[in-house]
Amino acid sequence: MATFHLNSPFSEEDIRQLRAGDIVTFDGLLFGIRDLTQIYMFDQGHEPPVSLAGAPCIHTAPSLRKVDGRWEKICVGTTTSTRMERFSPDLIGKYGVRAIIGKGGLLEGSLKAMQKHGAVYLAIVGGAAALETQQIEAIEEVYWEHLHPEALYRFRVKNFGPLTVAMDSHGRNLYEEVKVEALTRLPGIYEKLGV
Amino acid sequence: MRQFDYSIVEEAAKQLYIRALCDLPPDVRQALRKAQARETNPTAKAVFEAMFKAIDIADREKTLICQDTGLPIYKVKIGSGFAWDGFAIKSRLHEGAKRATQEFPFRSSSTHPLTRVNPQTSVGPGLPVIYFDFAGDTDTLDILMAPKGSGSENMSRMQMFYPAHGIKALKKFVLDTVVESGANPCPPGVIGVGIGGTADLVMKLAKDAIMRPVGSRNPDPQVAAMEEELEEAINATGRGPMGLGGDVSTLGVHIETAYTHITQNPVAVNTQCWPARRSRAVISPDGAVAYGY
Ligand code: SF4
């Protein structure tokens, strides 16, 4: 296991060096997206008003408030990624996103896109919203405001993480490995339990 | 007798929701610390680090640990020595949960099941979930509160086995349910298990189980042994914190039981997340409120 501190947006080289199980923190640009954001983009054909190339995207529906025309954070947490699998290969292939951040992981189609284009899935510690919220320095822009809390958010972050490289750009998927390992151990555990 | 001032219950219901979301019980902290100490997987160790940082920030800044404010659950236990008006208690709990949401303020996670309209109050028909129980030997109104997030609640499973399936079917069911739930319930949390009763009671038992202090054991030695055995089995799967691999997949298995039908053998699993959130208020007849967990 290696530890990396990166600056976002990421280069392909930044991402290719990461291996499943590594720990990453980063500074810089982070986009917030969710189900509706991606339905709006992919199913309803709206082009994002900002380039996502090289950027990381986190699966979130942030709690924010608007004070004198400026957005302030209340609580920013992360949601389960798996239900957004459908959009993720295009997010990587078509828009050049280099990291998707969430919990629970993505599936085979995304893993292939990550291998082909040089992207990773970074697992955040679910339930630790207090930490995430603190690491967000600014909400620089909310695009497609009518979709809030599932709009497109541009955050600036500092020391964001720790994030675990759960799916890398070399075809490894930690969730899958851990699951296969658990299933391999299961017969032995059944035997010990006498079931 | 002087009339009891039920606004005390409303204020306690409000404080309990906020406290549960922001202040993790000491037994949960201790269980997480112990878990981190015995964890050998370096990636998993980093995951625990992040959990402690989130707990610290929530302590310092009085903020929510997790963004999912959950569905509010209040378990009320009324002592024989406490003169009470059940309707007043119910209404005040409802009002308190709503005020917590609007006055803190935090997001309401509660919505209409069909229209999906969320009135941003955390309450509505059926919510908060309220259970009443009684104690013969106290004169207090004891309220235990837990906000239940969806990631872990969605992993709830129940099965009506037959007596012929035996105890081993129950054990296998618990283990398989946990293995299947993977990273979804933000492990390592508490695995609550209900055994016996009716279809509805068995899930209530599992819910009672997750609301016990982490590390407590069922007083029945046979049940306690089963808790230990299942804990070991679940940790042996190696799924680890957040399902990313490691030695600790659960902080503890808690089992609650009830008598059941001679032809039935029901089991239920209710999972709790690593932030196993709960809070408690004990209200005396003179209106004094003692907060705890
Ligand atoms: S599963 Fe629990 S800890 Fe994880 S996000 Fe949901 S409520 Fe929070």
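All residue numbers refer to positions counted from 1 along the written sequence of the respective chain. Here every chain gets a letter starting at A, and every ligand a number starting at 1, in the order they are written. Per-residue local features are limited, in this predicted model, to residues with pLDDT of at least 70; the limit for side-chain atom pairs, both in listing and counting, is 80 or more; totals at the level of whole chains, interfaces and linings are taken over all residues. The side-chain figures draw on all heavy atoms in the structure; neither hydrogens nor water molecules are used.

This brings us to the sheet that holds strand E8 (residues 279-283) of chain B. Residues and elements named next belong to chain B. By this definition, two strands are paired if DSSP reports at least two bridges between them. Only runs of H or I of at least four residues qualify as helices and only runs of E of at least two qualify as strands under DSSP, and these elements are numbered from the N terminus. What the five strands build is an open sheet, ordered E2-E1-E3-E8-E9; its pairing is mixed. Here the strands that pair on one side only, and so sit at the sheet edges, are strand E2 (129-135) and strand E9 (289-292). Across the sheet, the mean angle from the axis of one strand to that of its neighbour is 15°, orientation sign disregarded. Alignment of strand E3 (residues 141-148) against E8, held across five bridges, turns out to be antiparallel. Bridged to aspartate 142 within E8 is valine 282. Note on method: axes are straight lines fitted to C-alpha atoms, helices fitted across the in-contact stretch only, with angles between N-to-C directions ranging 0 to 180 degrees.

Another aspect to go through is the domain arrangement of chain B. Residues and elements named next belong to chain B. All domain edges in this entry derive from an automatic or database-based domain assignment. Assigned domains of chain B: these are domain 1 (7-22 + 65-149 + 277-292) and domain 2 (151-271). Put simply, the middle of domain 1 and the middle of domain 2, counted by C-alpha atoms, are 25 Å apart. In what follows, a contact means two residues having at least one pair of non-hydrogen atoms within 4.5 Å. With ten residues of domain 1 at the contact, the number on the domain 2 side is 13 residues. Two parts placed together each lose some accessible area under a 1.4 Å probe, and the buried area is that loss summed for both. Interface area for domain 1 against domain 2, summed over the two sides, is near 850 Å², with a carbon-plus-sulfur share of 64%. Only one rule defines a salt bridge in this text: a Lys or Arg side-chain nitrogen within 4 Å of an Asp or Glu carboxyl oxygen. Our count for the contact surface shared by domain 1 and domain 2 stands at two salt bridges.

Before going further, it helps to spend a moment on the layout of surface pockets. One way to see where empty space is left: roll a probe the size of a water molecule over the atoms. All names here are of chain B. Buriedness for pockets is judged along seven lines, at least five of which must meet protein on both sides within 12 Å for an open set on the 1 Å grid over protein atoms alone, while cavities are sets there where a 1.4 Å probe fits but cannot get out, and lining residues have an atom within 4 Å of a point. Grid points are joined across faces, edges and corners, and a volume is the space filled by probe spheres set on the points. Within this model, the largest pocket holds a volume of roughly 1200 Å³. The leading source of residues in the lining of the largest pocket is helix H5 (residues 150-153), at four residues. Residue type decides the class: Asp, Glu, Lys and Arg count as charged, Ala, Val, Leu, Ile, Met, Phe, Trp, Tyr, Cys and Pro as nonpolar, and the leftover types, Gly among them, as polar. Of the residues contributing to the lining of the largest pocket, the split by class is eleven nonpolar, 24 polar and ten charged. The two domains that each donate at least three residues to the lining of the largest pocket are domain 1 (7-22 + 65-149 + 277-292) and domain 2 (151-271).

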